[in-house]
Amino acid sequence: MRSASRYLLAVALIFGGLRSMDRAAWAADTIIADWENNGPTGMGGAGTDFDPAPVDSTASCTGCWFKDTATAGITFSQSTFGATHGTKSFQLSIVGHGTGGGDGLQDTHFDRPAQVIFSVSQNDPRALAIRDAVNSGNQGLYTIQFDVTYNIPALRALDWLGPPVDFPAKPTQFIGLGIFATASDGVFTEVALEQALPTLINPFDAQWNGITALTRHISLPLSQFGWAANPATPETTFTIGFSSNGNWGTNPASTNTEAASYYIDDMELKQFNPVAPIDYNHNGVADVGDWTLFMGQFLKSNPAAPPLNPAIFYDLVGGFGAVGTNGKVDFADLQEFQRLYHLANPGAGALGAGDAPEPGSVTLALLGLLCLIGRRIRGPLPSAGESPA
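These numbers come from a predicted model, not from an experiment. (Residues numbered from 1 in each chain as written. Predicted model: local features only at pLDDT ≥ 70, side-chain atom pairs only at ≥ 80, totals over all residues. Heavy atoms only, no water.)

## Some thoughts on the overall build of the protein chain
Where we set the bar: For helices the rule is a DSSP run of H or I covering at least 4 residues; for strands it is a run of E covering at least 2, with both sets numbered from the N terminus onward. Throughout, exposure labels follow a simple rule: accessible area from a 1.4 Å probe, protein chains only, divided by the maximum for the residue type, with under 20% read as buried, over 50% as exposed, and the rest as partly exposed. Contacts were defined at the residue level, with two residues in contact if any of their heavy atoms lie within 4.5 Å. All accessible areas in this document rest on Shrake-Rupley with a 1.4 Å probe, and a residue is counted as covered only by the protein chains that are shown.
A tally of helices and strands in the protein chain yields six helices and 11 strands. Relative to its full complement of 389 residues, the protein chain shows a buried share of 46%. The contacts of the protein chain with a sequence gap of at least 6 include a subset with a gap of at least 24, amounting to 70%. Per element, the accessible surface of the protein chain, about 17,200 Å² overall, is 57% carbon and sulfur.

Shown next as structure tokens:
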């Protein structure tokens, strides 16, 4: 019997000709904001700052966070609570009853309380890093990440309204933080609404009992921000902002002074290394050797650990998208391998977008391949006039 690996290797041709390719070193992560400095620093405020007093709807320094509007009841400050990078965080406090609520309306709903503008013309390293990532030709390699922390006892101590008028399916008490983006081309994108992000919580949920600082880590693909690649005429400014929603406060709105706070920290532009999850032969690149090892575990339950890199998984996509949790290597894992290989090896000879097969064609090809392997194991096809064994 011939080794099945020869036929597995043939599948590489279906995938557009996998081959080992050198990759450029992954760029260092860029801190967008960690709010360690109280006031502008660096080139035109290119440090990690929030807008100094007075906090209003006009930026007083480049690269500093300021109010999206002059709405009353929004305050910015620096805090040690919720610091996940260094010792300081960005405390964003909002008094109940905002743009979506009023007397008799059970809703706070403040839209877009805070934003920052990063300017390429100021040589702001954050703007330059975002510009280069946007125009890299592969925004899928980048994410923007940040942490948001809630003080559960402080939130529980507030008065809460409910149920909300605009999101009736949400819990009676809820609070959430979202994110939006614009650029010099004027295109506005609600990158991730506060109703959908894992920041949306009910502070009274029993699972938070005994927890003071609840931190959620958010990671968003750069491709979601709506910044169009244009290397010939790149964007000159990039705006990122936070949106929020919740239903705390008291009636009447005119006398309400109850504020809920978000604590935000460690916002980074991170470059994703797609090689790491599939470097089964531990040689620093995604190559045919990794593909052969992966296919050796395809359709297996409880797959063995990679012999040269046991810290990673063949089970790339588990239950509900979690890594290595459903105990089998199935078609979802095959698709994820294909995606990561494409990111790791862009260009001619790699699994390019133009030659990547549709899932159905991959399935048919694999079924045909498995049948071929099975036939080779059982013996040759019968000749004309013979009966199958």
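## A closer look at the pairing of strand E11 (residues 259-271)
Test applied: Pairing between two strands is assigned when DSSP locates at least 2 bridges connecting them.
Within E11, 11 of the 13 residues are buried, which leaves it mostly tucked inside the rest of the structure. Examined bridge by bridge, strand E1 (residues 30-33) and E11 share three bridges and lie antiparallel to one another. Residue pairing for E11: Ile-31 is matched across the bridge by Glu-268. Bridge analysis of strand E4 (residues 89-95) against E11 gives six bridges, and the strand direction is antiparallel. Paired with Phe-90 across the bridge in E11 is Ile-264. The pairing of strand E6 (residues 142-151) with E11 spans seven bridges and is antiparallel. Of the residues in E11, the one forming a bridge with Thr-149 is Tyr-263.

## Thoughts on the confidence of the model for the protein chain
Our working rule: The predictor's confidence in any single residue is recorded as pLDDT, a number from 0 to 100.
For the protein chain, per-residue confidence averages 75 on the pLDDT scale, and residues scoring 70 or more make up 68% of the total. Ranking the helices and strands of the protein chain by mean pLDDT puts helix H3 (residues 152-156) first, with 97, and helix H1 (residues 4-14) last, with 42. Confidence over residues 1-26 falls short of pLDDT 50; this stretch has 65 contacts with residues more than four positions distant or in other chains. Residue range residues 40-47 is modelled with pLDDT below 50. Its contacts to residues more than four positions away, or to other chains, number 26 contacts.

## What about unusual backbone geometry?
At Asn-123, a residue that is not glycine, the phi angle is positive and equals roughly 55 degrees. Structurally, Asn-123 is set in the loop between strand E5 (114-119) and helix H2 (125-134). Judged by relative accessible area, Asn-123 falls into the partly exposed class, the value being 47%. The phi dihedral of Leu-299 is positive, around 70 degrees, even though this residue is not glycine. Among the structural elements, Leu-299 can be located in the loop between helix H4 (288-295) and helix H5 (331-344).

## Focus: H4
Note the cut-off: This arc corresponds to the set of directions leading from the helix axis out to the C-beta atoms. In protein, a polar contact means a hydrogen-donor-capable atom and an acceptor-capable atom, both N or O and within 3.5 Å, with residues adjacent in sequence counting only if both atoms are side-chain atoms; elsewhere, any N or O pair within 3.5 Å suffices.
Among the residues of H4, those classed as buried are Asp-290, Trp-291, Phe-294 and Met-295. When H4 is viewed along its axis, its buried side chains cluster within an angular range of 130 degrees and face the same direction. Sitting at the amino-terminal end of H4 is Asp-287, which places a side-chain oxygen 3.2 Å from the backbone nitrogen of Gly-289.

## What to know about the packing of H4 against H5
This is how the line gets drawn: Comment: axis = line fitted to C-alpha atoms, over the contacting stretch for helices; angle = value between 0 and 180 degrees taken between N-to-C directions. Note on terminology: angles under 35 degrees are roughly parallel, angles over 145 are roughly antiparallel, angles of 65 to 115 are roughly perpendicular, and the others are oblique. Only Asp, Glu, Lys and Arg are considered charged, only Ala, Val, Leu, Ile, Met, Phe, Trp, Tyr, Cys and Pro nonpolar, and every remaining residue, Gly among them, polar.
Relative orientation of the contacting elements H4 and H5 amounts to 175 degrees, with a least axis distance of 12 Å. Considering their axes alone, H4 and H5 lie roughly antiparallel with respect to each other. Across the interface between the two elements, Asp-290, Trp-291, Phe-294 and Met-295 of H4 pack against Asp-333, Leu-334 and Phe-337 of H5. Residue composition of the contact of H4 with H5, by class: five nonpolar, no polar and two charged.

## A look at the nonpolar core
In plain terms, the rule: In this text, buried Ala, Val, Leu, Ile, Met, Phe, Trp, Tyr and Cys residues form a nonpolar core when linked through side-chain atoms within 4.5 Å.
Ranked by internal contacts, the top residues of the largest apolar core, which has 55 residues, are Trp-65, Trp-227, Ile-240 and Met-267. For Trp-227, the contacting residues outside a window of four places in its chain are Ile-130, Val-134, Gln-139, Ile-144, Ala-181, Thr-182, Ala-183, Leu-222, Phe-238, Thr-239 and Ile-240. Core analysis: the next-biggest nonpolar cluster, separate from the first, contains 17 residues, Phe-294, Ile-312, Tyr-314 and Leu-340 among them.

## Remarks on the pattern of salt bridges
Spelled out, the test is: In what follows, salt bridge is the name for a side-chain nitrogen of Lys or Arg lying within 4 Å of a carboxyl oxygen of Asp or Glu.
Scanning the entire structure with this criterion turns up six salt bridges. Residue Arg-339 pairs with Glu-336 through a salt bridge whose shortest N-O separation is 2.9 Å. Of this pair, Arg-339 and Glu-336 are both found in helix H5, three residues apart, which corresponds to roughly one turn of the helix. We classify Glu-336 as buried; its relative accessible area is 18%.

## Considerations on the sheet that holds strand E7 (residues 175-183)
Taken in spatial order, the five strands make up an open sheet running E2-E5-E10-E7-E8, and their pairing is antiparallel. For this open sheet the edge positions go to strand E2 (66-67) and strand E8 (189-192), each flanked by a neighbour on one side alone. Packed on one face of the sheet, H2 meets E5 and strand E10 (237-246) and runs near 95 degrees to E10.

## Remarks on the pairing of E10
For E10, the buried fraction is high: nine of the 10 residues fall into the buried class. Across six bridges, the pairing between E5 and E10 is antiparallel. Each bridged residue has a counterpart across the sheet, and for Val-116 the counterpart in E10 is Ile-240. Here nine bridges tie E7 to E10, and the two strands are oriented antiparallel to one another. Among the inter-strand pairings, Leu-177 is bridged to a residue of E10, identified as Ser-244.

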